[in-house]
Structure formats: structure tokens, C-alpha cells
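# Fold and contact review
Listed below are the residues making up each chain.
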Amino acid sequence: MRIGIVCYPTFGGSGVLATELGKALADKNHQVHFITYQQPVRLNIFNANIFYHEVQVPVYPLFDYPPYEIALSSTMVDVIMNYDLDLLHVHYAIPHASAAFMAKQIVFKNTGRNVPVITTLHGTDITLVGRDKTYEPVVTFSINESDAITAVSENLKSETLKHFNISKTIEVITNFVSIERFSKKPIDAFKKVIAPNNEKVFVHASNFRKVKRVDDVVKIFAEVRKKIPAKLLMVGDGPERPPIEEEVRTLNLENDVRFVGKQDQMEEILAVSDVFLLPSEYESFGLAALEAMAAKTIVISTNAGGLPEINIHNQTGFLANVGDVTTMANDAIKILQDDKKLKQMKEAAYEQACKFDLHNIIPLYEKLYSRFCRMS
Ligand code: GMT
């Protein structure tokens, strides 16, 4: 099939997932056309089946806010017509679903062809931004106008139905991980650099927004560090990073906490890690946690949103209420003092991640697409 994929090209989970989906589809001989304003970060390979179309947004002195959505719709129209796309799959509703609706109308008017649009809901497009009254009517309309709607977890499906007036079925197709990529053997030299005295390694990876409660990561680590020699790697970047760096200095933890910025080789970092911390206020799914589990790193997270659908309490890691840093720290201390149980949990985390291997999930998308296949 010839599939158009629209996503945010940044390090965010929806863009990562959409890019990995496109790469996996290309490996299965589908022709995949990425339509974004920048090369997606994980689109770092050459594959003859992958095309990248950059959305150009011309500036004009009149525009305080250049109309990105119009430029995006126009690029979609151009790619659909010139590459004869079979369907458009848009990730993150805002503004991709409404831009796709507009493109679909234009193509229909010009050619009489009804190009199917599939919208995948990812998280804050529903739970935070999308519910704001400045966006809600357009989000509701464009979700309902999609030919198919998918959500990345059962929790996100129910949140969508709770907060929006949705007249169509929402199908759950969970996020996935490449087990092959993330189950790398730890590189000893790398481990030595991070934890020269064989300290336990904690990792947190996110876009450092408020919803991630990054300050709780530091609070948990500070408690653990009082009892256990440990290091914390903070991966990623975002608005909360400067105050958190300040907090780390105030707590005199700067020798044990390293901010390593955005990283392409997450699998190498995760391979030498013991515990992934994700104390978020909300996660529709928690793709970063799933990648950690695939690398045999246990997850200590909140029980918010879709996290309990991947992280099983006392098996693959631990769950606690949002803000309960004491429980999260105590769980970490306990498990790190019990090497046998830690090893068992790491294996269980890996086994759980295998259920979400891309080879299990990609066929679900292909099956969905095939429902909209043209007969000719
Ligand atoms: O919704 C967001 O906050 C952005 C989005 C992203 O682009 O990073 O993250 C969401 O989608 C990911 C991929 O499906 C999920 O793994 C994240 O849990 C989800 N984030 C939230 O729900 C906060």
C-alpha cells in the first residue's frame, strides 16, 4: 500500500511511534510517505520505500502566526495526488486530524476520490490540549470525521469517550517496541563510565514537561541515594530542565545526577540501567517505559492513565499513586537490596515487553488499513 504518515517530528512519543511504524511498514514493502515540518528524529535510515515530504510554511509580515495547518493540508493534497496514496494515517489529533479532513475534501472535490483518513490519538491531544475549549469543537469534529480512530491504550479510549462526544468506534491498537533493537547486551565500558564503582543506575527520559513531574524523579532518587550508591541519568530536554538542574545542585547531588540531553542511542543507556523512573501525572501509555522494559530495566511509575496496562505491580516494576515519592523510593530501595528478585523482575519486564513487540502490533495496523484498501 501507499501510506501517508503525518506526525510531530520531535522526540515526543507520538512522533517516535509514528516513525517506527513507518519504518516497520516500509520493511514490509509498503511505500511510506512522511509528511512533517522537519525530518523525524528517528527517521535516520535509508530505505527505498520511505519518502519524506517537508511542509514549508512561508513567512509573511502580516502573519504573527504563520498558518501551519493550511500549509500541512496543501502538502497532504500534493502528496496524495502525486503519489496516489491509498490512505493517510495521522498521529496526534491536533492539528493533524483537521488538516487531514481539509485535504480529504480538496482531493474529493478535484478527483472524486475519497481518501481514507485514520487518526491515532496519543495522549495530551485528548487529555490536556484537546479538551481546552479553544480546540475542543474542532478536535471533536475532526475525530468524528476520520474514517477510523485508534487509541494507544484502553485508558486513552475511555478518556476520549468520557470527554468528547464521539459517534464512532475507537479501536485500541497499543504502542509497540522493537525487541530486537532494545534488547542489546550492556556495553561494559559504557557502564564503567556511568557507574565506575558499580553503582545502581537509574534513568528517566522525557520531554521535561510539567505532566512528567520530573521534580519527583529527583526526590525519589535523593531518598534512594541516602541508602544505596546510585547514579541517575536524565535523558531529554524541555521546559522543566533548568529548575530541576538547580534542584539537583541544591541537594548536592550533581556528582550522581547527569543531564545527558536528547539521545539517539537510548537502547545503550537502557541496557546498563536498573530502574526507569516515570512518576508522571498522566501517561496514556508510557512508550519510554516500554522501551526500558524491553531492555530489561524495571519500571517504577505512577498508576496514572495507561501505565498499569504495561507495568505490572510487583512483577515488572512498581506502581504508586501520583506524588507518592516515599512509596516509590521505598520500593526502589527494597528491590535494589535484593539482587535475586531484581534479576527476576528484569526478566519479567522483558517478557511483558515482548507482548508489545512490533511483530505483534504492525499486523494490526495492516489489517486496519486493508479494510480501506481500494478494489482497483
Ligand atoms: O500527548 C503527549 O503528551 C505527547 C505525546 C508525545 O508526542 O510525546 O505523548 C503521548 O503519546 C505517547 C505515544 O503514544 C505515549 O507513550 C505517552 O504516554 C503520551 N503522553 C501522555 O499521555 C502525557
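Thresholds, definitions, all that
Residues numbered from 1 in each chain as written. Predicted model: local features only at pLDDT ≥ 70, side-chain atom pairs only at ≥ 80, totals over all residues. Heavy atoms only, no water. Pairing = 2+ DSSP bridges. Helix = DSSP H or I, 4+ residues; strand = E, 2+ residues; numbered from the N terminus. Axes fitted to C-alpha atoms, helices over the stretch in contact; angles between N-to-C directions. Contact = heavy atoms within 4.5 Å. Near = heavy atom within 4 Å. Polar contact = N/O pair within 3.5 Å; in protein donor to acceptor, adjacent residues only side chain to side chain. Areas by Shrake-Rupley, 256 points an atom, 1.4 Å probe, with all protein chains shown as cover. Nonpolar A, V, L, I, M, F, W, Y, C, P; charged D, E, K, R; others polar. Salt bridge = Lys/Arg side-chain N within 4 Å of Asp/Glu carboxyl O. Buried < 20%, exposed > 50% of the residue type's maximum accessible area, 1.4 Å probe, protein only. Domains from an automatic or database assignment. Buried area = accessible area lost by both parts, 1.4 Å probe.

## Some details on the sheet that holds strand β1 (residues 2–6)
Overall, parallel pairing links the seven strands, which are arranged β3-β2-β1-β4-β5-β6-β7 in an open sheet. Among the strands making up the open sheet, the edge pair consists of β3 (50–54) and β7 (170–172). Averaged over all adjacent pairs, the angle separating strand axes in this sheet is 25 degrees, with direction ignored. As paired strands, β1 and strand β4 (residues 87–91) are joined by four bridges and run parallel to one another. Bridge pairing links I5 to H89 in β4. Sheet strands touched by helix α1 (residues 13–27): β1, β2 (31–36), β3 and β4. Its angle to β2, the strand with the most contacts, is close to 155 degrees. Its contacts with the sheet put helix α2 (residues 68–83) on β1, β2, β3 and β4, and the angle it makes with β2 is roughly 160 degrees.

## Digging into the site of the ligand
In the vicinity of the ligand there are 16 residues, among which G13, S14, H122, T124 and E283 approach most closely. Here an oxygen atom of the ligand and a side-chain polar atom of R209 are 2.9 Å apart. The contact in question runs from an oxygen atom of the ligand to an N or O atom on the backbone of G286, over 3.0 Å. The protein chains hide 95% of the 480 Å² of surface that the ligand would expose on its own. Counted by class, the shell around the ligand contains five nonpolar, nine polar and two charged residues.

## Here we look at the pattern of salt bridges
Evaluation of the coordinates by the stated rule reveals 24 salt bridges. The salt bridge partner of R249 is E246, with a shortest N-O separation of 3.6 Å. Placement of both R249 and E246 in helix α10 (residues 241–250) is noted, with a separation of three residues, approximately one turn of the helix. With relative accessibility at 43%, the residue R249 sits in the partly exposed group. In this structure E246 comes out as partly exposed when scored by relative accessible area, which is 46%.

## So, the environment of I106
Here I106 shows up in helix α3 (residues 93–111). Here I106 falls in the partly exposed class, since its relative accessible area comes to 32%. Along the backbone, I106 and S74 are 32 residues apart, and their C-alpha atoms lie at a distance of 9.0 Å.

## Details of the domain arrangement of the protein chain
By a frequent convention, interface size equals the accessible area lost on bringing the separate parts together. Assigned domains within the protein chain: domain 1 (2–176 + 358–370) and domain 2 (179–354). Summarising the inter-unit geometry, the C-alpha centres of domain 1 and domain 2 are found 30 Å apart. With 21 residues of domain 1 in contact, the opposing surface of domain 2 contributes 17 residues. Both faces considered, domain 1 and domain 2 share a buried interface measuring about 1,400 Å² in area, 52% of it formed by carbon and sulfur atoms. Interface area lost by domain 1 to domain 2 is led by F11, R42 and N155, which between them contribute 35%. Applying the counting criterion to the domain 1 and domain 2 interface returns two salt bridges. Taking the shortest distance from any N to any O, the salt bridge between R181 and E20 comes out at 3.4 Å. Here domain 1 is connected to domain 2 by eight residue pairs in polar contact (both at pLDDT 80 or more). Contributions of two or more residues to the side of domain 1 that touches domain 2 are made by α1, α4 (124–127) and α6 (154–163).

## Structural notes on the side chain of K212
Position of K212 among the secondary structure elements: in the loop between β8 (200–205) and α9 (214–227). Residue classification places K212 among the buried residues on the basis of a relative accessible area of 11%. Beyond its immediate chain neighbours, meaning those up to four positions away, K212 contacts S206, N207, P279, S280 and E283.

## Describing unusual backbone geometry
Each neighbour pair has its own omega, and for I94 with P95 the value is -10 degrees, a cis peptide bond. Following the sequence through the fold, P95 ends up in helix α3. Of note, the phi angle at Y92 is positive, near 80 degrees, even though the residue is not glycine. By secondary structure assignment, the location of Y92 is in the loop between β4 and α3. Given a relative accessible area of 13%, Y92 falls into the buried group. Unusually for a residue other than glycine, N252 sits at a positive phi of about 55 degrees. In this structure N252 comes out as exposed when scored by relative accessible area, which is 62%.

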